[in-house]
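Reading the structure
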Amino acid sequence: MIQLVCFDLDDTFWHNAPTLMQAEQTLHAWLCEYAPAMPAYSIEHHQTLRQQLVQQQPELRHRISALRQQALVQALQPYYPAPNAQQLAEAAFEVFLSARHQLTLFDDVVPTLETLRQQGYRLAVLTNGNADIRRVGLGTYFDVIVCAENLGIGKPDLRAFQTIEQRSGVAAPQIIHVGDHPRDDMLGALNAGWNAVWFNPQQIRWDTAQQTPHACIAQLHELPALLAQWSAPASN
């Protein structure tokens, strides 16, 4: 019997690419105004800086907020004294993070969460991103919220899934994970002994023969009926 429904966030509750692009553009405008000594902000350059930092400090791979701040410091340091570069980087990151939470939820997110709560399920979040579900007004729906950057590890690492089990007190066979990423979400959940539902709006073909999700949905509002079907007693 499923007791806990765990969700991914990016590209499961909202489209992530346009959200991040809008945040990058907001950051660009802020830096042009408040850090004019630095050459024009380049998304590609900052992406390269982050990749270099991860190579130098692998522990930053899942601490993406710290990673972004350090990349901003490195970009600013050639043009500003160290204390100023640090202060500017911290302020710039807060601008980015605020814009990163200006997102548009899929239409059926809130109705689905409300229905699942009414059906008696406990809810959890397990995300590799740095979006805070509380900042988008949905925190009250969730009993457990786990973010990879607070752990320093992320999906598909088994320890990320075990953290949900430990904090919820729910055993693996009684948990279902819903997410869009075949490796991080689906294979991670399956390897943890969880039930796995692939959120797959594009109807992409599953190409991993060894393990397959327990179910696939194209829209979140399909989930309550699916769970009700799973919970229904078998007919003779």
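Just above, that's the structure.
Presented here is a report on the structure given in the accompanying data block.

Thresholds, definitions, all that
- Residues numbered from 1 in each chain as written.
- Predicted model: local features only at pLDDT ≥ 70, side-chain atom pairs only at ≥ 80, totals over all residues.
- Heavy atoms only, no water.
- Helix = DSSP H or I, 4+ residues; strand = E, 2+ residues; numbered from the N terminus.
- Buried < 20%, exposed > 50% of the residue type's maximum accessible area, 1.4 Å probe, protein only.
- Contact = heavy atoms within 4.5 Å.
- Areas by Shrake-Rupley, 256 points an atom, 1.4 Å probe, with all protein chains shown as cover.
- Lys, Arg positive; Asp, Glu negative; His and termini not counted.
- Charge placed at Lys NZ, Arg CZ, Asp CG, Glu CD.
- Phe/Tyr/Trp six-rings, centres within 6.5 Å; stacked < 30°, edge-to-face > 60°.
- Pairing = 2+ DSSP bridges.
- Axes fitted to C-alpha atoms, helices over the stretch in contact; angles between N-to-C directions.

1. What about the overall build of the chain?
- On a plain count of helices and strands, the chain comes out with nine helices and six strands.
- Oriented by its inertia axes, the alpha-carbon framework of the chain measures out at about 75 × 35 × 35 Å.
- For the chain, the residues scored as buried account for 48% of the 236 residues in total.
- Counted over contacts in the chain with a minimum sequence separation of 6, partners at least 24 positions apart contribute 60%.
- Just so you have it, the chain exposes about 11,700 Å², and 49% of that area is on carbon and sulfur atoms.
- For the chain, the distance from the average position of its 14 positive side-chain charges to the average position of its 22 negative side-chain charges is 6 Å.

2. Here we look at the packing of aromatic side chains
- All chains considered together, the criterion is met by seven aromatic pairs.
- A ring pair is formed by Phe13 and Phe142, whose centres lie 6.4 Å apart and whose planes are at 40°; its orientation type is tilted. With a gap of 129 residues between them, Phe13 in the loop between β1 (4-7) and α1 (16-34) and Phe142 in the loop between β2 (122-127) and β3 (144-147) connect regions that are remote in the sequence.
- For Phe142, a relative accessible area of 8% corresponds to the buried category.

3. Topic: the sheet that holds strand β6 (residues 215-217)
- Spatially, the six strands line up as an open sheet ordered β3-β2-β1-β4-β5-β6, and their pairing is parallel. The open sheet is flanked by β3 and β6, the only strands paired with a single partner. Here the strands of the sheet are splayed against their neighbours by 20° on average, with no regard to which way each runs.
- The sheet contact formed by strand β5 (residues 195-199) and β6 spans three bridges and is parallel. Paired with Val197 across the strands is Ala215, a residue of β6.

4. Topic: helix α7 (residues 158-168)
- Turning to α7, its buried residues number three or more, namely Ala160, Phe161, Thr163, Ile164, Glu165 and Ser168.
- As for α7, its buried residues are in contact with β1, β2, β3, α6 (148-151), β4 (175-179) and α8 (182-191).
- Remark: Gly169 follows α7 within two positions and exhibits a positive phi of approximately 75°.

5. Some words on the pairing of β1
- Here β1 shows a buried face lined by Leu4 and Cys6 and a second buried face lined by Val5 and Phe7.
- By the bridge criterion, four bridges tie β1 to β2 in an arrangement that is parallel. Each residue of the ladder has a partner; that of Cys6, found in β2, is Ala124.
- Note: β1 against β4, four bridges, orientation parallel.

6. A look at unusual backbone geometry
- Here the amide bond leading from Lys155 into Pro156 is cis, since omega sits at 10°, within 30 degrees of zero.
- Along the chain, Pro156 turns up in the loop between α6 and α7.
- The phi angle at Asp11 is positive, at roughly 65°, despite the residue not being glycine.
- Mapped onto the elements, Asp11 comes out in the loop between β1 and α1.

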